[in-house]
Protein chains: 2
Amino acid sequence: MSASTEPSPTPLRYADAGVDVQAAEASISGLRMIAGRASRPEVLGGVGAFAGLFRLGGGYRDPVLVASADGVGTKLLIASALGRYEGVGQDLVNHCVNDILTAGAEPLFFLDYLATAGLPQEQRLELVAGIGAACEANGVALLGGETADMPDLYQPGDYDLAGFIVGVAERDAILDGSAIEEGDVLIALPSTGLQTNGYSLVREIFGVGKGLGAERDRELLDEHVEELGGTLGEALLAVHGSFLEVVRPLLPRLRGMAHITGGGLPGNVPRILPGGLRAQIDMASWEPAPLFAHIQRAGGIEDGEMFRTFNMGIGMVLVASPPDAAAVLEAAPGSWRCGVVERRAEGAPAVAGLPE
Amino acid sequence: MSASTEPSPTPLRYADAGVDVQAAEASISGLRMIAGRASRPEVLGGVGAFAGLFRLGGGYRDPVLVASADGVGTKLLIASALGRYEGVGQDLVNHCVNDILTAGAEPLFFLDYLATAGLPQEQRLELVAGIGAACEANGVALLGGETADMPDLYQPGDYDLAGFIVGVAERDAILDGSAIEEGDVLIALPSTGLQTNGYSLVREIFGVGKGLGAERDRELLDEHVEELGGTLGEALLAVHGSFLEVVRPLLPRLRGMAHITGGGLPGNVPRILPGGLRAQIDMASWEPAPLFAHIQRAGGIEDGEMFRTFNMGIGMVLVASPPDAAAVLEAAPGSWRCGVVERRAEGAPAVAGLPE
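Residues numbered from 1 in each chain as written. Chains lettered and ligands numbered in written order. Predicted model: local features only at pLDDT ≥ 70, side-chain atom pairs only at ≥ 80, totals over all residues. Heavy atoms only, no water.

## A few points about the overall build of chain A
Thought 1: When helices and strands are counted, chain A shows 12 helices and 14 strands.
Thought 2: Over its C-alpha atoms chain A spans a radius of gyration of 22 Å, differing by no more than 12% from the 21 Å that the globule rule assigns to 356 residues.
Thought 3: Each of the three principal axes of chain A carries a C-alpha extent, and together these read 75 × 55 × 45 Å.
Thought 4: Put simply, chain A has 356 residues, and 58% of those count as buried.
Thought 5: Once local pairs closer than 6 in sequence are excluded, the contacts in chain A between residues at least 24 apart make up 84%.
Thought 6: Accessible area of chain A: about 13300 Å², with a carbon and sulfur share of 50%.
Thought 7: In chain A, the 24 positive side-chain charges and the 46 negative ones have mean positions that sit 5 Å from each other. (Helix = DSSP H or I, 4+ residues; strand = E, 2+ residues; numbered from the N terminus. Rg over C-alpha atoms; globule rule 2.2 N^0.38 Å. Buried < 20%, exposed > 50% of the residue type's maximum accessible area, 1.4 Å probe, protein only. Contact = heavy atoms within 4.5 Å. Areas by Shrake-Rupley, 256 points an atom, 1.4 Å probe, with all protein chains shown as cover. Lys, Arg positive; Asp, Glu negative; His and termini not counted. Charge placed at Lys NZ, Arg CZ, Asp CG, Glu CD.)

If you want it as C-alpha cells, here you go:
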C-alpha cells in the first residue's frame, strides 16, 4: 500500500478539496431569483429538481424542436481581465437564440453550464444575471443549469460557460435554405463587434490573457484608442446582439438565414445554399467597423484570413426573393443589400467576391 | 499607441493562436459518422447546420419537455491520467438520461459541449465515440454539439465536457414525488461506483491530478489494490450506469425517483419528498462497495461526510406504494428495500437513519 493511502491526521471534508457546497447553495438561491424573472407560463416546477419541465402543450400541428449548444470562446478571458462578467452571459444566450432563429424557430427555454475553480460568488451571480437578463429580453425561460466546481481542472478564478437552447417551429415553416433560388438577394444585418468569434487570434495579437499578468492586460485593454473612439476592452466586450426581435416578423418573407460565427462569411453562408448556387458578396456595399482595421493592422493579417476569422461587420445574412428583399430592407434597421445568389459552376467555391 | 499594436513581421493566421480549424473540421466529420449511428427517425437534416432539428410531431396529448444540463466533474482528470476517454463520454450521457428519467421522461435527443486546448484529435473522437455509444444504447439522438478550442483558458491537453438532454412526458404522467405518502417504500438501485460525484475529494486524498506529475498519477491509479480486486483507476472510472432500461417499464408503478448525485442520499432524496414526510433509511439493508471503505480509510473521512459526498452504493432511489414495491423489487435486478417514508415532525430533517 502506498503512503498516500494511510489515514490522514485530520478528517478531510469536501470543502478541503476546493468544492464549497454552501457557496454552491447560495448560488442556487441567487439563480432561483434570476430564473423566476426569466420564466414563462409554460414552466412547471422550479429550478432545483433533477430536470426542468416545460409544457409545450398540444397547440402545435407538427412541432419540430430546434436545439443548439454553444460557448463564448476566449472572450471569457477578456471579460475576466476587466472584471466584467454580465456581458458574456448575454453573449451566450444571444448567440444561441440567433443559431436556432436561422431555422425559423421561436426560442422556448435555455440551460447553462458554468464550470469553475474558485470564481467568487459575486462574479458567478453576475454571469448568471447576464444570462437571466438576456433570457428575459428574448422571452426565453431559464429552465435550469449546472454549476460545477472543478478544482485543478480550472486555474483559480478561471471558468467556462456553455449554453443550450431549445425552440420550436411548425414543420412547414422550418427555414433551411432549400427554397433559395438564383437571383435571391443577400441582406446583411450589422454585427455589434466580434460577437463571440476570433478572440484567440485577437488575444495573440495584443498579448492579452497570455500570462503577461493581470495588471498589464487591464492596462492595455483600458487604453483609449483614438480610432475606436473608446478603449480596446470596450470594443472587444461589445455584446453579441440578438436578432430575434428584428427577424421574427420578417420570417414569412425569408428563404434562409446564416449566423456569421466562427469561419466568417465564407464559412457560414454556404451552409444554407442549395447545390449549384453561390453567394456573390458585394464588398463595396459596406465598410467594416474600425475595430476590424485596428486588429488587422496590429496583427499584420491578410484580408482573406480576416474574412475567414471575423464577421467583418455582418452579424447575420438573410436571403429573400427580390420583392420580399425590398420589404425586409425597409423593416430591418441598419440592414443593407450585401450581395446576390448566383449560379455556381461545378467545383467553384460557394462564396465569391471575398479576398482569397 | 502601445508597441503591441505595431504590425507583426509575419502575417498571423488563426492556427497560430492555437485554433486549428482544419482539425475542428476533421472532428466534425468524425462526429457526423458517430451521430449518424446515434440517431432516430425524428431527426431532420444533419449535424453541421446552425441548429439540430427534431420532429416531435403531433402524437402527444399534452407534451411536457424535460431538460437537463450536466458535466462529469473532475472524473475527467482521472480519465486523462489514464488516457481513457470513452467512458467519460458515456458517463455524461447516462447522467443526463437518469436526471430526466426521475420526472418519468423518455429521452429524445442530446447535445454535447467539448472545450479544450490542444486535446489531440484521437482523444476528441474517443470522447465523442463514448457519447455516441451511450446515446445509441439509450435510444437517444445525438442532435449536435459544440467543440470549442480555447487556448490559454485550458492547459494544453485539458478539456471540459458538458451535456444537455431533452426528453418528453405526457403531462399527466410526470413524476414529481407529490403523490408520495407515509408508508411508501424506498427501493435502491445499485450504483456502479462513484458515478460522477466526489472526485475532487478522492483526488485530494490520493493526490491525483494535483500537479505531482502524469507518471506518478498513472502509477498510483494502475496499482493493484487487493481490497478492490483490481486497480484504483479501474474502480474510479467505472461508468455511470443508465437506469432507463430497468426503470422505463416500472414507471406506472412509481411515485417518485431520486438520482443520487452530488450531495448523496441526504442531499437528493429530500428533493422529491412532499412537506411533512421524511425518508427513514435502513443502513443495515446494504453494504457499500469496498471502494467506499477504501476511500474513507485513506482519507480518514467521517461517516456523515461520506454519505453527504458519495452515493455509497445507491445510484437511484425509487419510491412506490407497498403493493407496487413488491413488483418493482422483483423486476429490478439487484434492487433492495432501503427504507420507508415516514411522517416528519416540524423542523426535523427530511432524511433519518444516516450518520450525522
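Now, onward.
## Quick word on the packing of aromatic side chains
Residues and elements named next belong to chain A.
Thought 1: One pass over the full model with this rule turns up 12 aromatic pairs over all chains.
Thought 2: When the ring of Phe-54 is compared with that of Phe-109, the centres are 5.3 Å apart and the planes differ by 45°; the resulting orientation is tilted. Of this pair, Phe-54 sits in strand 2 (residues 52-55) while Phe-109 sits in strand 4 (residues 106-116), and the two are 55 residues apart along the sequence. Neither Phe-54 nor Phe-109 differs from the other in exposure class; each is buried. (Phe/Tyr/Trp six-rings, centres within 6.5 Å; stacked < 30°, edge-to-face > 60°.)

## Thoughts on the relation of the copies chain A and chain B
Thought 1: When chain A is fitted to chain B, the best match, at an RMSD of 0.0 Å, comes from turning it 180° and sliding it 0.0 Å along the axis. Expressed as a symmetry operation, the mapping of one chain copy onto the other fits a two-fold axis. (Least-squares fit on C-alpha atoms with pLDDT ≥ 70 in both.)

## Some thoughts on the interface of chain A and chain B
Thought 1: Contacts between the two partners involve 99 residues from chain A, matched on the other side by 99 residues from chain B.
Thought 2: Where Asp-62 of chain B meets Arg-55 of chain A, a salt bridge forms, and the shortest distance between an N and an O atom there is 2.7 Å.
Thought 3: The interface formed by chain A and chain B contains 23 residue pairs in polar contact (both at pLDDT 80 or more).
Thought 4: With nine residues, the single largest contributor to the side of chain A that touches chain B is strand 3 (residues 63-71) of chain A. (Salt bridge = Lys/Arg side-chain N within 4 Å of Asp/Glu carboxyl O. Polar contact = N/O pair within 3.5 Å; in protein donor to acceptor, adjacent residues only side chain to side chain.)

## Remarks on the sheet that holds strand 10 (residues 256-259) of chain B
Residues and elements named next belong to chain B.
Thought 1: Here we have six strands laid out as an open sheet, ordered 10-12-7-13-11-14, and mixed in their pairing. The strands lining the two open edges of the sheet, one partner per strand, are strand 10 and strand 14 (351-352).
Thought 2: Inspection of the sheet shows strand 11 (residues 277-281) paired to strand 14 by two bridges, in the parallel sense. From the neighbouring strand, Ala-279 faces strand 14, where its bridge partner is Val-351.
Thought 3: This element, helix 3 (residues 86-101), spans strand 10 and strand 12 (314-320) of the sheet and lies at about 150° to strand 10.
Thought 4: The sheet strands contacting helix 12 (residues 322-331) are strand 7 (185-190), strand 12 and strand 13 (336-343), and the helix crosses strand 7 at an angle near 15°. (Pairing = 2+ DSSP bridges. Axes fitted to C-alpha atoms, helices over the stretch in contact; angles between N-to-C directions.)

## A short note on the pattern of salt bridges
Thought 1: Taken as a whole and assessed by the stated rule, the structure comprises 34 salt bridges over all chains.
Thought 2: The salt bridge involving Glu-106 of chain B is made with Arg-40 of chain B; its shortest N-O contact spans 3.3 Å. With Glu-106 of chain B in strand 4 (residues 106-116) and Arg-40 of chain B in the loop between helix 1 (21-37) and strand 1 (43-44), this pair connects stretches of sequence that are 66 residues apart.
Thought 3: Looking at Glu-106 of chain B, the relative accessible area reads 27%, which means it is partly exposed.
Thought 4: Among the ionic contacts, a cluster of salt bridges with common partners joins Asp-152 of chain A together with Arg-203, Glu-204 and Lys-210 of chain B.

## Overview of the packing of helix 3 (residues 86-101) of chain A against helix 4 (residues 121-138) of chain A
Residues and elements named next belong to chain A.
Thought 1: For the pair helix 3 and helix 4, the least separation of the axes is 6 Å and the interaxial angle reads 40°. It follows that helix 3 is oblique to helix 4 by the angle criterion. In the packing of helix 3 onto helix 4, the handedness of the crossing is right-handed. When helix 3 is examined against helix 4, the residues Glu-86, Val-88, Gly-89, Gln-90, Leu-92, Val-93, Asn-94 and Val-97 are found in contact with a partner set consisting of Glu-126, Leu-127, Ala-129, Gly-130, Ile-131, Ala-134, Cys-135 and Asn-138.
Thought 2: Taken together, the residues of the contact of helix 3 with helix 4 sort by class into nine nonpolar, five polar and two charged. (Parallel < 35°, antiparallel > 145°, perpendicular 65-115°, else oblique. Left-handed = near helix turned anticlockwise from the far one by under 90°. Nonpolar A, V, L, I, M, F, W, Y, C, P; charged D, E, K, R; others polar.)

## Considerations on a negative patch on the surface
Residue and element names in this part refer to chain A.
Thought 1: Residues Glu-215, Glu-219, Asp-222, Glu-223 and Glu-234 make up a contiguous surface patch of negative charge.
Thought 2: Here the negative patch gets three residues from one element, more than from any other, and that element is helix 6 (residues 214-222).
Thought 3: Considering the arrangement of structural elements, one finds Glu-219 in helix 6. (Patch = residues over 30% accessible without salt bridge, like charges linked within 9 Å, V, L, I, M, F, W, Y side chains within 5 Å.)

## Some words on the sheet that holds strand 7 (residues 185-190) of chain A
Strand pairing within a sheet occurs via backbone hydrogen bonds; the two strands may be parallel or antiparallel.
All names here are of chain A.
Thought 1: With respect to topology, six strands assemble into an open sheet ordered 10-12-7-13-11-14, the strand pairing being mixed. In this open sheet, the two edge strands, each paired with only one partner strand, are strand 10 (256-259) and strand 14 (351-352).
Thought 2: Here strand 7 pairs with strand 13 (residues 336-343) via four bridges, running antiparallel. The residue of strand 13 that forms the bridge with Leu-186 is Gly-339.
Thought 3: Helix-sheet contacts for helix 3 involve strand 10 and strand 12 (314-320), and the interaxial angle to strand 10 is about 150°.

## Quick look at the pairing of strand 2 of chain A
Thought 1: Summarising the sheet, strand 1 (residues 43-44) of chain A and strand 2 of chain A pair through two bridges and their orientation is antiparallel. Along strand 2 of chain A, the bridge assignment pairs Val-43 of chain A with Phe-54 of chain A.

## Considerations on the side chain of Asn-311 of chain B
All names here are of chain B.
Thought 1: For Asn-311, the position within the fold is in the loop between helix 11 (303-309) and strand 12.
Thought 2: Given a relative accessible area of 3%, Asn-311 falls into the buried group.
Thought 3: From its side chain, Asn-311 meets the backbone oxygen of Gly-193 in a polar contact 2.9 Å long.
Thought 4: A distance of 2.7 Å separates a polar atom in the side chain of Asn-311 from the backbone nitrogen of Gly-313.
Thought 5: In contact with Asn-311, not counting residues within four places along its chain, are Ser-191, Gly-193, Leu-194, Gln-195, Ile-260 and Phe-292.

## Regarding helix 10 (residues 290-299) of chain B
All names here are of chain B.
Thought 1: Residues of helix 10 that are buried: Leu-291, Phe-292, His-294, Ile-295, Ala-298 and Gly-299. Burial along helix 10 is one-sided: seen end-on, the buried residues are contained in an arc of 160°.
Thought 2: Check the buried side of helix 10 and you find it contacts helix 5 (199-206), strand 8 (224-225), helix 7 (232-236) and helix 11.
Thought 3: Positive phi appears at Gly-300, one or two residues downstream of helix 10, with a value of about 60°. (Arc of directions from axis to C-beta.)

## Digging into unusual backbone geometry
Residue and element names in this part refer to chain A.
Thought 1: With a phi angle near 55°, Gln-195 is a residue other than glycine that sits in the positive phi range.
Thought 2: Along the polypeptide, Gln-195 turns up in the loop between strand 7 and helix 5 (199-206).
Thought 3: With relative accessibility at 1%, the residue Gln-195 sits in the buried group.

## As for the environment of Thr-147 of chain A
Residues and elements named next belong to chain A.
Thought 1: Checked against the element boundaries, Thr-147 lands in strand 5 (residues 141-149).
Thought 2: Sequence spacing of Thr-147 and Asn-94 is 53 residues, and the spatial spacing of their C-alpha atoms is 20 Å.
Thought 3: Thr-147 has contacts with Leu-114 and Arg-124, leaving out every residue within four places of it along the chain.

Remember that the coordinates give geometry; whether it matters functionally is a separate question.
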